[in-house]
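As a plain string of letters, each chain reads:
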Amino acid sequence: MAYDKSICVVGLGYIGLPTASLLATKGFDVVGVDIDPEVVDTINKGNIHIVEPDLDILVKSAVNSGKLKASMQPVEADVFIIAVPTPFKDEKEPNLAYVEAATKTICPLLKKGDLVILESTVPVGTTDDVVLATIALNRDDLVDEVNIAHCPERVLPGQILRELIENDRVVGGVDERSTDAAVEFYESFVSGEVLATSAKTAEMAKLTENAYRDVNIAFANELSMICDEQAINVWEMIRLANRHPRVNILNPGPGVGGHCIAVDPWFIVSSAPETAKLIRTARSVNDAKPNWVIDRISRYADRFKDPVIGCLGLAFKADVDDLRESPALDIVQALNANAEWQVLVSEPNVDQMKEFDLLPYDEVIERSDIVVILVDHKKFRKIKASDLKEKVVIDTRGVVS
Ligand code: SAJ
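The numbering scheme is per chain: residues are counted from 1 as the chain's sequence reads. Local features are withheld for residues below a pLDDT of 70 in this predicted model, meaning they are given only at 70 or higher, and side-chain atom pairs are given and counted only at 80 or more; totals for whole chains, interfaces and linings count all residues. Think of the side-chain values as coming from all heavy atoms in the structure, minus any hydrogens and water.

J.: For this particular structure, what's the right way to read a negative patch on the surface?
T.: A residue counts toward a patch only above 30% relative accessible area and without a salt bridge, and it is joined to like-charged neighbours within 9 Å or, for Val, Leu, Ile, Met, Phe, Trp and Tyr, to nonpolar neighbours within 5 Å. Accessible surface is estimated by sampling points in the Shrake-Rupley manner with a 1.4 Å probe; for residues, cover comes only from the protein chains shown. Here, a salt bridge means any side-chain nitrogen of Lys or Arg that lies within 4 Å of a carboxyl oxygen of Asp or Glu. Under this rule, positive means Lys or Arg and negative means Asp or Glu; His and the chain ends count for nothing. A charged residue contributes its charge at one atom only: NZ of Lys, CZ of Arg, CG of Asp or CD of Glu. Together, Asp-144, Glu-145, Asp-168, Asp-175, Glu-176, Asp-180, Glu-184, Glu-187 and Glu-193 give the surface a local cluster of negative charge. Only DSSP runs of H or I covering at least 4 residues are called helices, and only runs of E covering at least 2 are called strands; the numbering of each starts at the N terminus. Of note, Asp-144 is situated in the loop between helix H5 (126–138) and strand S6 (147–150). Exposure is judged per residue with a 1.4 Å probe applied to protein chains only, and the accessible area is read against the type maximum: over 50% gives exposed, under 20% gives buried, and values in between give partly exposed. For Asp-144, a relative accessible area of 62% translates into the label exposed.

J.: Hey, could you run me through the site of the ligand in this one?
T.: Inspection of the region around the ligand gives 21 residues, with Glu-153, Lys-206, Arg-213, Asn-251 and Phe-316 positioned closest. Interatomic distance of 2.8 Å between a backbone N/O atom of Arg-154 and an oxygen atom of the ligand. Asn-251 places a main-chain nitrogen or oxygen 2.7 Å from a nitrogen atom of the ligand. Burial of the ligand by the surrounding chains reaches 90%, relative to a free accessible area of 770 Å². Top element by residues in the shell around the ligand is helix H8 (residues 199–229). It accounts for five residues. We call a residue near a given molecule or strand whenever any one of its heavy atoms falls within 4 Å of it. Side-chain atoms alone can form a polar contact between residues adjacent in sequence; in general such a contact is a pair of N or O atoms within 3.5 Å, and within protein one must be able to donate a hydrogen while the other accepts it.

J.: Looking at this structure, how should I read the nonpolar core?
T.: A general feature of soluble globular proteins is that nonpolar side chains tend to end up buried together. Remark: nonpolar core denotes a set of buried residues (Ala, Val, Leu, Ile, Met, Phe, Trp, Tyr, Cys) joined through side-chain atoms within 4.5 Å. In terms of nonpolar packing, the biggest core is built from 43 residues, with Ile-7, Val-30, Ile-43, Phe-185 and Tyr-186 touching the most fellow members. Filtering out sequence-adjacent residues up to four positions away, Ile-43 remains in contact with Leu-12, Leu-17, His-49, Val-59, Val-63, Leu-68 and Ala-70. Counting 24 residues, the second-largest nonpolar core is a separate cluster that includes Val-33, Ala-77, Cys-107 and Val-116. Contact criterion: two residues are considered in contact whenever any of their non-hydrogen atoms come within 4.5 Å of each other.

J.: Looking at this structure, how should I read the sheet that holds strand S11 (residues 370–373)?
T.: Strand pairing in a sheet is mediated by backbone hydrogen bonds. Such pairs are either parallel or antiparallel. Whether two strands pair depends on DSSP finding at least two bridges between them. Spatially, S10-S9-S11-S12 is the arrangement adopted by the four strands of the open sheet, whose pairing is parallel. One side of each edge strand has no neighbouring strand; the edge strands of this open sheet are strand S10 (342–346) and strand S12 (392–395). Along the sheet, successive strands turn relative to each other by an average axial angle of 15°, direction set aside. Sheet topology note: the S11/S12 ladder contains four bridges and is parallel. Within S12, the position partnered with Val-372 by the bridge is Ile-394. As a rule, the C-alpha atoms of each element are fitted with a line to give its axis, helices using only the stretch in contact, and angles between N-to-C directions run from 0 to 180 degrees. Of the strands in this sheet, strand S9 (308–312), S11 and S12 are in contact with helix H11 (residues 277–301), which crosses S12 at around 180°. Against the sheet, helix H12 (residues 327–336) touches S9 and S10, its axis set at about 155° to S10.

Distances and angles like these do not, on their own, reveal function.
Shown next, in the form of structure tokens:
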């Protein structure tokens, strides 16, 4: 596919913005669309609204070259990429309203031969039942001449730019022609292998990847609680067990956060409630971990008269600014709700918050009786056990343990 194709990316979040700017620097003409006027304005000035290594440089160069423009309205293009959120509702049921709304907005712009790609993570069947169905409903004149495919994003926040290019991609069209068109598109800028399948298999493969990680983190989290009961250092134990050639246990933590791994396995559970027993249990184990951490902190805090609890990290994982579904944030909020405790917080990746005064981490350590390490940010990895002498330390990430 020649780089003279035009592209419209709907949704300029953690996936849409890196994708749009990467494609623009590869030579495609790209319009990125977002419903938030501040986001559109920020990007058009060559700035970014999220933290991701090197994304600022990429966006600046894409905007300066004139190849990337942000807009609140989609425009005609040869390729449409939908990268909008798919959260769940209260009952852990998927909310596909954004996918449907995004599809609707591009319908009037579609022309023969266009390629519509859904990159958002979705329950099995969504590419057919929502994207194809919405286009059929609004453009029955054209639906048979448009290519529609699912190509789930699989990049890791913190390494998005490298993984966007290097990761293998799974591409599944609603028919063979669509699959071929989408494979050709991804092969024009991805150095990893582009693997063709059906839309349904691609949807399930993506959900499976995240459920696999969730189940494995749940195993590590369960071990951390068992080891705590038996006064065993879980970090040392896992390190030793991992020296077996076929064992590779992940890291325990304060719980599983983010908008992917804590969400996507529910899409499998909701479509197979009777069968998805292990996947559901893993979710419960990981969801229960923040409360286990809070209980442990409380036990120590109760030994002090007016305890000062210092919390290091609010983000859902190391070296990102993303607080969505963050177990660290949940824990700090729960501690802060206890009027008898003073809670100090450090989060180096966030400038300011309404809820907390954010302090430098060394000040937090110095002023606290209890230090809780909730995120293994690069900055915090410099902390040594000797810096925490005379403090009660609860290290949920194994930074100093
Ligand atoms: N976590 C642990 N222990 C570990 C690994 C992670 O407690 O050993 C925690 C993290 O601290 C975090 C959560 O799990 O709270 C998720 O972090 P993550 O780094 O495992 O994953 P995400 O959510 O940033 O990105 C995942 C990735 N999926 C897989 O690795 C299978 C990424 O490739 C996907 O693109 C992304 O979900 C997505 O958007 O679906």
